[in-house]
Protein chains: 2
Amino acid sequence: MPGTPDLPVVRTIAELRQTVSGWKRQGFTVGFVPTMGALHEGHLALVREAGERADRVVASVFVNPAQFAAHEDLGTYPRQEARDAELLAGAGCDLMYAPEVAEMYRPGATTTVSVGAPAEGLEGKCRPHMFGGVALVVAKLLNQVQPDTAVFGEKDFQQLIVIRRLVRDLDIPVEIVGSPTIRDGHGLALSSRNAYLSEAELTVARRLNGVLAEAGARIASGAAIEEVAAEAVEALLGAGFSHVDYVAVRRADDMGVFEGGAVDAPARILAAAWLGKTRLIDNLAI
Amino acid sequence: MPGTPDLPVVRTIAELRQTVSGWKRQGFTVGFVPTMGALHEGHLALVREAGERADRVVASVFVNPAQFAAHEDLGTYPRQEARDAELLAGAGCDLMYAPEVAEMYRPGATTTVSVGAPAEGLEGKCRPHMFGGVALVVAKLLNQVQPDTAVFGEKDFQQLIVIRRLVRDLDIPVEIVGSPTIRDGHGLALSSRNAYLSEAELTVARRLNGVLAEAGARIASGAAIEEVAAEAVEALLGAGFSHVDYVAVRRADDMGVFEGGAVDAPARILAAAWLGKTRLIDNLAI
């Protein structure tokens, strides 16, 4: 990205707060995009969204160990900080906050945060560590940055709902904005984990959004949720996915189950499926 | 308190933030004292301490149902809001924040906060609901008020340590100040619950601090913690207390146990004891 000026990078809460409070003294509003790095167009869309809503934008790059289980891909999760900084600068970010693990989790820390019901099914069931780790690190990051607005991707839809609940229940003074999923030309949701996929797996992965779209359309037309979801699982396995954790339909506002078997409120269809060792998630509005 | 101007009272987060953000725009710092009302000189000392450290002082009056168990004294906890407002004004408070329960706990709230180890023994063992309720409401209050400084009494010493840990672990941007316990002429720690005591019980209650002071002095001189604590329990029962929940010695910084049986770091002796239906707590530095 020739001509992009170097992005300032801070690694401590003290430096971060110094910059942000300087902005606030000048009357600037602050937008925030938390990431785990390995940035792609999806993240950059969040940064641009933050830039439209606030005068200054902070992006964090922190691979949060608290949201990975021991068997998961913490060690191999892609890291490319120099490139991330370049991409962020190009998208209009003003400051990259890239703390070390020891800055985020100081010795003797014991506090945990649980968001309860919205975090309990789907991803919360498949990855029991995750939302506790997400809630803790997001509460910390929001308190560290103190932004006016924070932007999260709808790609991790349940996570977005969990964070909205966290912020509402703890009265954290920030506006949470959900931003639409960015997809490739075949509809595949952009994800840092797509980098793990072989060419053959990529072809299969690109079927995920189509299967969900078709299932969502049938449910919107009145078909029974359980039946359509079971058929979508079969369709994914038929397309070449090696395992399907879930295809599910939930209330869009709180991830609640539709007890009657049909949707009677804004709904989301969500799925998680495996291609070899790579786990992909996606979701669509119904 | 003749001549004291009426204290402004707000009951919603929106009104509270409007006032506080107005002060911040003028460059004023903000001190905060959370209370459950039924104010006495102990609370007023916290308000004065906040006034010495900040340009404007907010006190909240909120009897937090989340920190009472079903069998505890939520229903009978003393309430005297008009008098509280008068006392706060006289101590230099600038704003009373007295939210209704429905403003603090909105329908559908599910988030919980646990501070872990420092909240686990002593009060946390005797009153298992309490510190979860305290951590949640204090996190919410700090996010609602957004003070620069918040002052808590050493009277509830374990609570002070729990709140320090909460604020550190969640990176809440506030300085927590602990303020010494205020006592009557006989050394009895002031407490809203002292109002429950008969004259005869009050005479017994006034022995609590002396028993703790003597036990603390012996431990400071090298006597074995467990032995001295057991003798202090007997002394309290002998003085007329009807039951003793605990007399214990803990590390002053994190409520940790002294594994060796002797104190080798700053320590606190803490006790909880009953007079009929009234439960009193107290603590002293060793």
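Rules and cut-offs
Residues numbered from 1 in each chain as written. Chains lettered and ligands numbered in written order. Predicted model: local features only at pLDDT ≥ 70, side-chain atom pairs only at ≥ 80, totals over all residues. Heavy atoms only, no water. Pairing = 2+ DSSP bridges. Helix = DSSP H or I, 4+ residues; strand = E, 2+ residues; numbered from the N terminus. Contact = heavy atoms within 4.5 Å. Axes fitted to C-alpha atoms, helices over the stretch in contact; angles between N-to-C directions. Least-squares fit on C-alpha atoms with pLDDT ≥ 70 in both. Expected span 1.5 Å × (residues − 1). Buried < 20%, exposed > 50% of the residue type's maximum accessible area, 1.4 Å probe, protein only. Salt bridge = Lys/Arg side-chain N within 4 Å of Asp/Glu carboxyl O. Domains from an automatic or database assignment. Polar contact = N/O pair within 3.5 Å; in protein donor to acceptor, adjacent residues only side chain to side chain. Nonpolar A, V, L, I, M, F, W, Y, C, P; charged D, E, K, R; others polar. Core = buried A, V, L, I, M, F, W, Y, C linked by side-chain atoms within 4.5 Å. Phe/Tyr/Trp six-rings, centres within 6.5 Å; stacked < 30°, edge-to-face > 60°. Lys NZ or Arg CZ within 6 Å of the ring centre and 35° of its normal. Parallel < 35°, antiparallel > 145°, perpendicular 65-115°, else oblique. Left-handed = near helix turned anticlockwise from the far one by under 90°.

1. A few points about the sheet that holds strand E4 (residues 95-97) of chain A
Residue and element names in this part refer to chain A.
Moving on, step 1. Here six strands make up an open sheet; going across it, the order is E1-E4-E3-E2-E6-E7 and the pairing parallel. Each edge of the open sheet carries a strand with a single partner, namely strand E1 (9-10) and strand E7 (175-179).
Moving on, step 2. Summarising the sheet, E1 and E4 pair through two bridges and their orientation is parallel. The residue of E4 that forms the bridge with valine 10 is tyrosine 97.
Moving on, step 3. Of the strands in this sheet, strand E2 (30-35), strand E3 (56-61), E4 and strand E6 (149-153) are in contact with helix H6 (residues 130-145), which crosses E2 at around 150 degrees.

2. Description of the relation of the copies chain A and chain B
A rotation about an axis combined with a shift along that same axis relates the two copies of the chain.
Moving on, step 1. For the pair chain A and chain B, the superposition axis carries a translation of 0.0 Å, the fit reaches an RMSD of 0.0 Å, and the rotation angle comes to 180 degrees. Both copies of the chain, as the preceding transformation shows, are related through a two-fold rotation axis. Residue A:Val113, judged by its C-alpha, is the member of chain A lying nearest the rotation axis, at 2.3 Å.

3. Details of helix H1 (residues 13-25) of chain A
All names here are of chain A.
Moving on, step 1. When the terminal C-alpha atoms of H1 are compared, their 18 Å separation across 13 residues agrees well with the 18 Å that a helix rising 1.5 Å per residue should span.
Moving on, step 2. Taken residue by residue, H1 has Ile13, Leu16, Val20, Gly22 and Trp23 as its buried positions.
Moving on, step 3. Among the residues trailing H1, glycine 27 stands out with phi positive, at a value near 90 degrees.

4. Details of the pattern of salt bridges
Any two side chains of opposite charge can pair, given that their charged atoms come close.
Moving on, step 1. On inspection of all chains with the given rule, the structure shows 32 salt bridges over all chains.
Moving on, step 2. Taken together, the shared-partner salt bridges connect A:Glu49, A:Arg53 and A:Glu175 into one network.

5. Details of the domain arrangement of chain A
Residues and elements named next belong to chain A.
Moving on, step 1. Considered domain by domain, chain A is made up of domain 1 (9-179) and domain 2 (192-285).
Moving on, step 2. Computed from C-alpha coordinates alone, the two centres of domain 1 and domain 2 are separated by 26 Å.
Moving on, step 3. In this assembly, 21 residues from domain 1 lie in contact with 17 residues from domain 2.
Moving on, step 4. The interface formed by domain 1 and domain 2 contains three salt bridges.
Moving on, step 5. Between glutamate 123 and arginine 279 there is a salt bridge, with its nearest N and O atoms 2.7 Å apart.
Moving on, step 6. Where domain 1 meets domain 2, there are nine residue pairs in polar contact (both at pLDDT 80 or more).
Moving on, step 7. Of all the secondary-structure elements, those providing two or more residues to the side of domain 1 that touches domain 2 are helix H5 (123-126) and helix H7 (157-169).
Moving on, step 8. Ranked by residue count, the leading element in the side of domain 1 that touches domain 2 is H7, at four residues.
Moving on, step 9. For the side of domain 1 that touches domain 2, the per-class residue count stands at nine nonpolar, five polar and seven charged.

6. Points about the nonpolar core
Moving on, step 1. Counting residues in each nonpolar core, the largest one holds 84 residues, and the members touching the most others are A:Val58 and B:Val58.
Moving on, step 2. Excluding residues that lie within four positions of it along the chain, B:Val58 makes contacts with B:Leu16, B:Val20, B:Trp23, B:Val30, B:Gly31, B:Phe32, B:Val33, B:Cys93, B:Leu95, B:Tyr97 and B:Val145.

7. Describing the packing of aromatic side chains
Moving on, step 1. Taken as a whole, this structure holds four aromatic pairs over all chains when the rule is applied.
Moving on, step 2. An angle of 45 degrees between the planes, with centres 6.2 Å apart, marks the rings of A:Phe62 and A:Tyr105 as tilted. Within this pair, whereas A:Phe62 is found in the loop between E3 and helix H3 (81-90), its partner A:Tyr105 is found in the loop between helix H4 (101-104) and strand E5 (112-114), the two being separated by 43 residues in sequence.
Moving on, step 3. Exposure remark for A:Phe62: the relative accessible area of 6% places this residue in the buried category.
Moving on, step 4. On the numbers, 5.9 Å between centres and 75 degrees between planes, the contact of B:Phe68 with B:Tyr77 is edge-to-face. Here B:Phe68 and B:Tyr77 have matching classes, each one buried.
Moving on, step 5. The ring of A:Phe28 carries A:Arg56 above its face, with NZ or CZ at 4.0 Å from the centroid.

8. A word on the packing of H6(A) against H7(A)
Residues and elements named next belong to chain A.
Moving on, step 1. Look at H6 against H7: their axes get within 10 Å of each other, and the N-to-C directions meet at 55 degrees. By the angle between their axes, H6 is oblique relative to H7. In this structure, H6 crosses over H7, and the sense of that crossing is right-handed. Across from Phe131, Val134, Ala135, Val138, Ala139 and Leu142 in H6, the residues of H7 making contact are Gln158, Gln159, Val162, Ile163, Leu166 and Val167.

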